[in-house]
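Each chain is listed here by its residues.
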Amino acid sequence: MFEHSVKVPRHYKIAANIFKKVSTEGGSVKSLLYDDKLRHFRTNVLFALITETIKHAGDIDKIFENSKILENETRLDPWLAKILTAELLFGKKALPGKSKPEQTVLSYKDQFEKYISDHQDDLKTEVAPRPRYVRINTNLLTTSDAIRAFQDEGYKFIRCTSGSYADYLEQIQKLTEYDFTQDYHIKTIFVFAAGTKLHEHELYLENKIILQDKATAMAVHLLAPPPGSVVLDMCAAPGMKTTQLAAYMRNNGRIFAVERNEKRYQTLSEFVVRTGSTCVETFHKDSLEIKRGDMDDVEYILLDPSCSGSGMDFCVHNYIESTRLAKLTSLQEKFLKHAMNAFPKVKRIVYSTCSLFPEENERVITNVVKTSRTKWRVQDVKELLKGQWNNVGSGMYGSMGARCMYAKPDSDFTTGFFLAVLDRDPKDLQKSLDGEKAGKKEKKYKVENGSSDSELSSKKTRDVGEEVNGVQNDMEVEETKPKKKKKKDKEANENTEPDSTNVDTEYSTETSTKKKKKRKHDEPQPVTQIIEELNELAVEDEAPKKKKKKDKKREEENTESLVGNNIEEDSEVPKKKKKRKKDLDKTIGEETELTENQVKKKKSKKDDHELSESVNTGDTSEVSEAPKKKKKKNKGE
Ligand SMILES: C[S@@+](CC[C@H](N)C(=O)[O-])C[C@H]1O[C@@H](n2cnc3c(N)ncnc32)[C@H](O)[C@@H]1O
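Labelled according to an unreviewed UniProt entry, the protein appears under the name Probable 28S rRNA (Cytosine-C(5))-methyltransferase, originating from Trichoplusia ni. Quoted verbatim from the Sequence similarities (unreviewed entry) field of UniProt, the annotation for the protein is "Belongs to the class I-like SAM-binding methyltransferase superfamily. RsmB/NOP family."

Caption draft 1: Just the overall build of the protein, in detail. Within the protein, the secondary structure is distributed over 30 helices and 14 strands. Across the 637 residues of the protein, 53% fall into the buried class. Contacts in the protein between residues far apart in sequence, at least 24 positions, make up 76% of those at least 6 positions apart. Surface exposure of the protein reaches about 30300 Å², of which carbon and sulfur atoms provide 50%.

Caption draft 2: Region of the structure containing helix H16 (residues 362–371). Here H16 has its buried residues at Glu362, Val364, Ile365, Thr366, Val368 and Val369. Packing partners of the buried residues in H16 comprise helix H15 (322–341), strand E10 (348–353), strand E11 (376–378), strand E12 (405–407) and strand E13 (417–424).

Caption draft 3: Expanded view of the nonpolar core. One finds Tyr168, Ile172, Met218, Leu222, Ile255, Met405 and Leu419 to be the most contacted residues of the largest nonpolar core, which totals 51 residues. When residues in this core are grouped by element, the largest group, seven residues, is from helix H12 (residues 214–223). Formed jointly, this core draws a minimum of three residues from each of two domains, domain 2 (132–210) and domain 3 (214–433). Formed by 36 residues, the second largest nonpolar core is a distinct cluster that contains Ala16, Ala81, Val105 and Phe112.

Caption draft 4: Structural detail: the site of the ligand. Close to the ligand lie 20 residues, the nearest being Lys241, Glu259, Arg264, Asp286 and Asp304. A distance of 2.7 Å separates a nitrogen atom of the ligand from a polar atom in the side chain of Asp304. When the free accessible area of the ligand is taken as 610 Å², the share hidden by the protein chains comes to 94%. Of the residues contributing to the shell around the ligand, the split by class is eight nonpolar, four polar and eight charged.

Caption draft 5: The arrangement of the pattern of salt bridges in detail. Scanning the model with the defined rule gives 15 salt bridges in all. A salt bridge links Lys82 to Asp61; the nearest nitrogen and oxygen atoms lie 2.9 Å apart. Placement of the pair is Lys82 in helix H6 (residues 78–89) and Asp61 in helix H4 (residues 57–67), with a sequence separation of 21 residues. The salt bridge involving Arg348 is made with Asp423; its shortest N-O contact spans 2.7 Å.

Caption draft 6: Quick look at the UniProt feature "active site" (unreviewed entry) in the protein. When the UniProt feature table is mapped onto this chain, "active site" (unreviewed entry) is found at Cys354. Relative to the assigned elements, Cys354 resides in the loop between E10 and H16. Non-local contacts of Cys354, meaning those with residues more than four positions away in its chain, are made with Cys307, Gly309, Ser310, Gly311, Met312, Gly416 and Phe417.

Caption draft 7: Expanded view of the packing of H6 against helix H8 (residues 109–118). For the pair H6 and H8, interaxial distance at closest approach is 11 Å and the crossing angle is 65 degrees. Looking at the two axes, H6 sits roughly perpendicular to H8. Like other packed secondary-structure pairs, H6 and H8 cross with a definite hand, here right-handed. Listed contacts from H8 to Thr85, Leu88 and Leu89 of H6 are Lys109, Phe112, Glu113 and Ile116.

Caption draft 8: Seen up close, the packing of aromatic side chains. Summed over all chains, the structure comprises 20 aromatic pairs. Where Phe150 meets Phe190, the ring centres are 6.5 Å apart and the plane angle is 65 degrees; that geometry is what we call edge-to-face. Taken together, the residues span a long stretch of sequence, with Phe150 in helix H9 (residues 143–152) and Phe190 in strand E4 (residues 189–192) at a distance of 40 residues. The residues Phe150 and Phe190 share a single accessibility class, namely buried. Clustering of aromatic rings is evident, with ring pairs tying together Phe150, Tyr155, Phe157, Tyr178, Phe180, Phe190 and Phe192. Of note, Lys82 hangs over the ring of Trp79, and the distance from its end group to the ring centre comes to 5.5 Å.

Caption draft 9: Looking closely at the pairing of E13. Burial analysis of E13 places eight of its eight residues in the buried class, which makes it a mostly covered element. Where burial is concerned, the two faces of E13 agree: the one with Phe417, Leu419, Val421 and Asp423 and the one with Phe418, Ala420, Leu422 and Arg424 are both buried. Sheet topology places E10 next to E13; six bridges connect them, and they run antiparallel. Along E13, the bridge assignment pairs Val350 with Val421. Bridge count for E11 against E13 is three bridges, and the pairing is antiparallel. Looking at the pairing, Arg377 lines up with Asp423 of E13. Of the pairings in the sheet, the one linking E12 to E13 comprises three bridges and is antiparallel in character.

Caption draft 10: Fine view of the side chain of Ser432. The residue Ser432 is located in helix H19 (residues 426–448) in this model. From its side chain, Ser432 meets the backbone oxygen of Pro344 in a polar contact 2.8 Å long.

Caption draft 11: Up close: the environment of Asn361. Structurally, Asn361 is set in the loop between E10 and H16. A residue is classified by how much of its surface remains accessible, and Asn361, at 0% relative accessible area, is buried. Linking Asn361 and Cys404, residues 43 residues apart in sequence, is a C-alpha distance of 8.8 Å. In contact with Asn361, other than residues within four places in its own chain, are Tyr351, Thr353, Ser355, Leu356, Tyr406 and Phe418. One polar contact links the side chain of Asn361 to the main-chain carbonyl oxygen of Ser355, over a distance of 2.9 Å.

Caption draft 12: Structural context of H9. Across the 10 residues that make up H9, a large majority, seven, are buried. In the stretch just after H9, Gly154 is the one whose phi turns positive, near 105 degrees.

Caption draft 13: Molecular detail of the pairing of strand E7 (residues 254–259). Along E7, five of the six residues are buried, which leaves the element largely enclosed by surrounding structure. Where strand E6 (residues 230–233) meets E7, four bridges bridge the pair, whose relative direction is parallel. Opposite Leu232, over in E7, you have Phe256 as the bridge partner. After leaving E6, the chain enters helix H13 (residues 240–248) and then returns to the sheet as E7, a path that is right-handed. Here five bridges tie E7 to strand E8 (residues 280–284), and the two strands are oriented parallel to one another.

Caption draft 14: The confidence of the model for the protein, seen in detail. Residues of the protein with pLDDT of at least 70 account for 64%, and the chain-wide mean is 74. Across residues 450–518, confidence stays below pLDDT 50; counting only partners more than four residues off in sequence or on other chains, it has 92 contacts. Note on residues 539–548: pLDDT under 50 across the span, and 16 contacts to partners over four residues away in sequence or across chains. Overall fold confidence (pTM) sits at 0.64, and the ipTM for the predicted complex is 1.00.

Caption draft 15: Geometry of the environment of Val368. As for its placement among the helices and strands, Val368 is situated in helix H16. On the accessibility criterion, Val368 (1% relative accessible area) is buried. Each C-alpha atom of the pair Val368 and Met340 lies 9.1 Å from the other, and the pair is 28 residues apart in sequence.

So, how was this worked out
Residues numbered from 1 in each chain as written. Predicted model: local features only at pLDDT ≥ 70, side-chain atom pairs only at ≥ 80, totals over all residues. Heavy atoms only, no water. UniProt positions renumbered as here; feature names shortened; annotations may be inferred. Helix = DSSP H or I, 4+ residues; strand = E, 2+ residues; numbered from the N terminus. Buried < 20%, exposed > 50% of the residue type's maximum accessible area, 1.4 Å probe, protein only. Contact = heavy atoms within 4.5 Å. Areas by Shrake-Rupley, 256 points an atom, 1.4 Å probe, with all protein chains shown as cover. Core = buried A, V, L, I, M, F, W, Y, C linked by side-chain atoms within 4.5 Å. Domains from an automatic or database assignment. Near = heavy atom within 4 Å. Polar contact = N/O pair within 3.5 Å; in protein donor to acceptor, adjacent residues only side chain to side chain. Nonpolar A, V, L, I, M, F, W, Y, C, P; charged D, E, K, R; others polar. Salt bridge = Lys/Arg side-chain N within 4 Å of Asp/Glu carboxyl O. Axes fitted to C-alpha atoms, helices over the stretch in contact; angles between N-to-C directions. Parallel < 35°, antiparallel > 145°, perpendicular 65-115°, else oblique. Left-handed = near helix turned anticlockwise from the far one by under 90°. Phe/Tyr/Trp six-rings, centres within 6.5 Å; stacked < 30°, edge-to-face > 60°. Lys NZ or Arg CZ within 6 Å of the ring centre and 35° of its normal. Pairing = 2+ DSSP bridges. Right-handed = clockwise from strand over helix to strand, strands pointing away. pLDDT = per-residue confidence, 0-100.

Set out below in structure tokens:
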């Protein structure tokens, strides 16, 4: 019997609120959990409960539909009911309290269980757990040193990247505890078996390894700014991709990392320092307010705007309120327009979201590219990845969508992610650059010839005004060009640009591939070429010249090719390695008493880890649990 005075345990109420918020408004469970007001709660328990509910949300819907619980119990809050049901059926398998909602859900227990046993085949099979992805922060650690460090701990390095992407995907599913490999596309990303716990690893605490999902890392991989570039990260916090960019460019060049939210800006700034990302300059401001003249040298833009997050946290977002979706997409379009039009030298933009809703993805791309005054080509990502990718966008908003890529939890074993690569039409870029030069020359001419300040400032004001309206008008800039210069430019263009096709809104690359020509300085370097060069460098890292004989032997012992081998057959190896790890632990244990304490500590923190492991949200989550804080926590303990 329930008692009127008994309240629903508070953690169930909070879990229900967060579950509702994530489901209807978007955002990630972790970011809502780390909300200041909730800091005093055991976030690990809440996180487990919410993710468990999300994981089984589809099943719970069916169970509810069948039992008609929500129709019968009109006063029962549906979000709370789902949390309680998840706890009852898939979590602790009990509800401790005597509150009315708990007792109501309990009264349906038999019906629920009967439905489950009758419909086992219909109920959703769980998505395979994702591997643990680790990005090596090559600003602080080479990939070869990282491989050696893990091997020294008893992990076995397995090569499985020489076949196709499909082979690789098959093989990473077979990784067992203490195996690791390099990612197929990004050699500075290592892949460990799902559930590998690295939150307390020394390299993680030292920011030498970053726990970042592979899919999110593809944005930087495909933006591919060569070292020395000027890059703008328009929505930067917590800084996963910013710091990846810095490592990618070998800290050579300039990265402007802009973040509007103050708290997140602080996280970003700290993360940038801790990761040794010295070429990054952080800005606490609204990206949409960056005006022409502020960052004119920007050549590459990473645009990873706020989104519904429907690719994260399993698949909670079966739906989203249409008003919220409309707001999000309108902002996303605004961002993209701004990126395309406010930076005269920009030649490549990567637009990405961790959403699986085409409205935030293919539709944004199609709408903006089609109506943009500057001319852009949506690159075929599958082609850039030489066919070694599975999921592409849909054609529901036009052919551009199919050139974008999706990463999907069930087939790529990553977080859900969308990405589009946009390259500026070289002619359009040249026109913009000429306009810039001419503008500068004219200003200089006017100053030298005593033209009044007000004339100059009125020109400036016009530019700014245009940008505030979201679109910067290149044609007007061109009008300021002296006529003679125009003719000269035309001749120059004719000499340097055989690609004189009639470009429509979306320019054609067909001709540019047919008439293969020497790449001009201002054109973006082909992504594939840059990726190959950088991957070669990463591979070179693996083979340091002064390789000690001992190291070599050890590496041979711990390295095995998976291609053509069935790793399951290698049943002895994990055992051996586990023993090695045990021996290693023993040695450390003999050396210091502290280790024993640490072991206890680890045990007590088990919950914590399981939480972090159960969802790899890639971006925000792993930074918000900043290693710095962890260190502090460790000290406190
Ligand atoms: C999806 S997150 C970015 C994740 C980040 N790229 C990473 O890899 O760690 C979007 C970020 O954009 C920020 N943001 C939203 N609107 C902004 C604006 N107008 N200007 C700058 N930052 C903005 C949000 O506060 C949020 O931190």
